[in-house]
Amino acid sequence: MQKWFEDNKVMMLMSAFVFIGGYFFLRLAYHMSDKMPFTQEIILIILGTLATILITALLLNKQTSVELGKEQSIKFIELKTETYQKLIDTIEEMVLHKNITSDDLTKLKFHTHRLAIFASPAVLEEYEHFLDIFDKMIAEDRHVSMEDEDILSEALAKLTVYIRADLVGELDEESGHTAKEIRDQIITNAT
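Given the structure is predicted, the values throughout are model-derived calculations rather than measurements.

Asks: Which parts of the structure should I look at to understand the overall build of the chain?
Replies: Within the chain one finds seven helices and zero strands. Walking the chain from its N terminus toward its C terminus, one meets helices and strands in the order α-α-α-α-α-α-α. The buried share of the chain, taken over its 191 residues, is 26%. Of the roughly 13800 Å² of accessible surface on the chain, a fraction of 64% belongs to carbon and sulfur atoms.

Asks: Teacher, can you tell me more about the pattern of salt bridges here?
Replies: Pairing is possible between side chains that carry opposite charge, provided their charged atoms lie close to one another. Evaluation of the coordinates by the stated rule reveals four salt bridges. Between Lys-158 and Glu-154 there is a salt bridge whose closest N-O contact spans 3.8 Å. Here Glu-154 and Lys-158 lie together in helix 6 (residues 146-175), a separation of four residues that amounts to about one turn. Taking relative accessible area as the criterion, Glu-154 reaches 33% and is therefore assigned partly exposed.

Asks: What exactly am I supposed to notice about a nonpolar patch on the surface here?
Replies: A contiguous nonpolar patch, built from Phe-38, Ile-42, Ile-46, Leu-50 and Ile-53 and spanning about 520 Å² of accessible area, is present on the exposed surface. Relative to the helices and strands, Ile-53 is located in helix 3 (residues 39-97). Residue classification places Ile-53 among the exposed positions, given a relative accessible area of 52%.

Asks: Explain the packing of aromatic side chains to me, please; I cannot follow it from the model alone.
Replies: Each pair of aromatic rings is reported with the distance of its centres and the angle of its planes. According to the stated counting rule, one finds three aromatic pairs in the structure shown. With 5.8 Å between their ring centres and 55° between their planes, Phe-76 and Phe-118 make a pair best called tilted. Note that Phe-76 is positioned in helix 3 and Phe-118 in helix 4 (residues 102-118), a separation of 42 residues in sequence. In this structure Phe-76 comes out as partly exposed when scored by relative accessible area, which is 38%. Linked through ring pairs, Tyr-127, Phe-130 and Phe-134 together constitute an aromatic cluster.

Reading the values: the criteria
- Residues numbered from 1 in each chain as written.
- Predicted model: local features only at pLDDT ≥ 70, side-chain atom pairs only at ≥ 80, totals over all residues.
- Heavy atoms only, no water.
- Helix = DSSP H or I, 4+ residues; strand = E, 2+ residues; numbered from the N terminus.
- Buried < 20%, exposed > 50% of the residue type's maximum accessible area, 1.4 Å probe, protein only.
- Areas by Shrake-Rupley, 256 points an atom, 1.4 Å probe, with all protein chains shown as cover.
- Salt bridge = Lys/Arg side-chain N within 4 Å of Asp/Glu carboxyl O.
- Patch = residues over 30% accessible without salt bridge, like charges linked within 9 Å, V, L, I, M, F, W, Y side chains within 5 Å.
- Phe/Tyr/Trp six-rings, centres within 6.5 Å; stacked < 30°, edge-to-face > 60°.

So yeah, pure geometry; function would need other evidence.
Structural data, given as C-alpha cells:
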C-alpha cells in the first residue's frame, strides 16, 4: 500500500474518480439548466477550473518528487566527494611526514569504513589494492622512502581513476575521451 502512495497511484485513481464523477454530475446539471440564462456557461467555467486545478496539482506533485530526487543525488555526490577528498588528504599527510604512526594506520582503517558507505564497488576493490601496496611497502618499517613515494603515487593514481569514474564518469563519457585515455593521462601525471 505504501508503494501505491509513493507512486501516486492512489492519488491518480482518486483524481480520475472525482473527475469522471464530476463530469457526469456537471453534464447532468448542464442539461438540466439549459432553460436558465448563463447557467450552462457558469457550469462550463466550473468544469474548466476543476480540470485546471487537477492537472496543476498532478504536475506540481510530480515536479516536487523530481526535485527532491535531484537534491538527494546532489547531497550524495557531495558526501562522496568529501569522503574521497579526506582520504587523499590523509594519504598526502602520511607521505609528507615520512614516518607512519599507529594513528595514521587507524585513520586509514576509518577511511575504509567511510568508503564502505559511499564508494562504488570498483573504488572499494582498487582501495583494497592500494592498502595491499601500502602494507607491503610502508607498514612494516613505517617509513616512507623516495621509492615508496613513487609506488604509492602510482597506486593512488590508479585509485584516483576509479574515484573519478565514480564521481564524474557520465561526464567523461560525454567528453569524447575514452576511459583508457583518461586513465593513461592520470597515471602519466602521477609519475
